[in-house]
Each structure stands twice: as structure tokens, then as C-alpha cells.
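Observations on the three-dimensional arrangement
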Amino acid sequence: MKINHNDIMIIEHAKRILNIYDTKENLIYSLYDGKISDFISELPDYFARCHQSFVVNMNYIKSIQKSEIILNNGREIPVSFRYGKTVHDNYMEFLKNII
């Protein structure tokens, strides 16, 4: 299945299932036993891993804080200590490139 990257807002790994959600949080694809680490290498630079279980499309970030990301639709996504600095740095670089 071919998915337009711009249509992806969140990638979530839960209970051994990789779920991909669109901008309205509709489930558009599920993969049993899928791994985020395998999938993320295929994504453009505007995707950021912020947690062991989450990858977000930075085009849909409203704000980013130390422990969470707020998306444009109000959804809160956790940011883990492990990925915190990297996701923050990547988002700051992303903002520089779009301004």
C-alpha cells in the first residue's frame, strides 16, 4: 500500500501493532509485528521519533515541551527522556527551514 507521507500525522506502536494515523486521526494502515525502527528509515526528515512508541509528522506540531508534543488537533503525544533532546533539536531545525 502506498501512503502519501504528508497524510500521516502519527505513527504509533502499541501491543506489537504499528498503526499509522492521518491528520484526522483515522487509522489508515496497521502492520502486525511492525517495528518503528524499520519504518522510520523510509520517512522524510520532517518525521521525528519522540518516544519508543511514537513518531510524529513535524508539520502538525503546535507546540513542543520537555515531556510532550501538542499537535494541531490538540492531541498530546509523550516525549521520552531518551528522545527529548533529539526531537527538540530536530524541530528547531525544521522550523528554521520552513521560515
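Before reading further, recall that the structure is shown in the block above.
Note that this is a predicted model, so its numbers are computed, not measured.

What counts and how
- Residues numbered from 1 in each chain as written.
- Predicted model: local features only at pLDDT ≥ 70, side-chain atom pairs only at ≥ 80, totals over all residues.
- Heavy atoms only, no water.
- Pairing = 2+ DSSP bridges.
- Helix = DSSP H or I, 4+ residues; strand = E, 2+ residues; numbered from the N terminus.
- Axes fitted to C-alpha atoms, helices over the stretch in contact; angles between N-to-C directions.
- Buried < 20%, exposed > 50% of the residue type's maximum accessible area, 1.4 Å probe, protein only.
- Core = buried A, V, L, I, M, F, W, Y, C linked by side-chain atoms within 4.5 Å.

Some thoughts on the sheet that holds strand β8 (residues 76–78)
If you walk across this open sheet you meet the 3 strands as β6-β7-β8, and the pairing is antiparallel. The sheet terminates laterally at β6 (61–64) and β8, the two strands that pair on one side only. Direction aside, neighbouring strands of the sheet carry axes that sit 25 degrees apart on average. Bridge count between β6 and strand β7 (residues 68–71): 3 bridges; the pairing is antiparallel. Across the sheet, residue I61 finds its bridge partner in β7, namely L71.

So, unusual backbone geometry
Phi is positive for R16, close to 70 degrees, though the residue is something other than glycine. The topology assignment puts R16 in the loop between β1 (8–14) and β2 (17–22). On the accessibility criterion, R16 (45% relative accessible area) is partly exposed. For D33, which is not glycine, the phi torsion reads 65 degrees and is therefore positive. Position of D33 relative to the elements: it lies in the loop between β3 (27–32) and α1 (36–40). On the basis of relative accessibility, which here comes to 43%, the residue D33 falls in the partly exposed class.

Some remarks on the nonpolar core
By size, the foremost hydrophobic cluster in this structure holds 28 residues, and its most contacted members are C50, I69, L71 and I77. For this core, the elements supplying multiple residues, two or more each, are β1, β2, β4 (47–51), β5 (54–57), β6, β7 and α2 (81–98). Here the element with the most residues in this core is β1; it accounts for 4 residues.

Observations regarding the sheet that holds β3
In space, the 5 strands of this open sheet follow the order β3-β2-β1-β5-β4, with antiparallel pairing throughout. Of all strands in the sheet, those bounded by a partner on one side alone are β3 and β4. Taking each pair of neighbouring strands and ignoring which way they run, the sheet shows an average axis angle of 15 degrees. Where β4 meets β5, 4 bridges bridge the pair, whose relative direction is antiparallel.

Here's the deal with the pairing of β7
The turn linking β6 back onto β7 is made up of 3 residues. The sheet contact formed by β7 and β8 spans 3 bridges and is antiparallel. Bridged to I70 within β8 is E76. Between the end of β7 and the start of β8, which pair antiparallel, lie 4 residues, with G74 showing a positive phi angle near 95 degrees.

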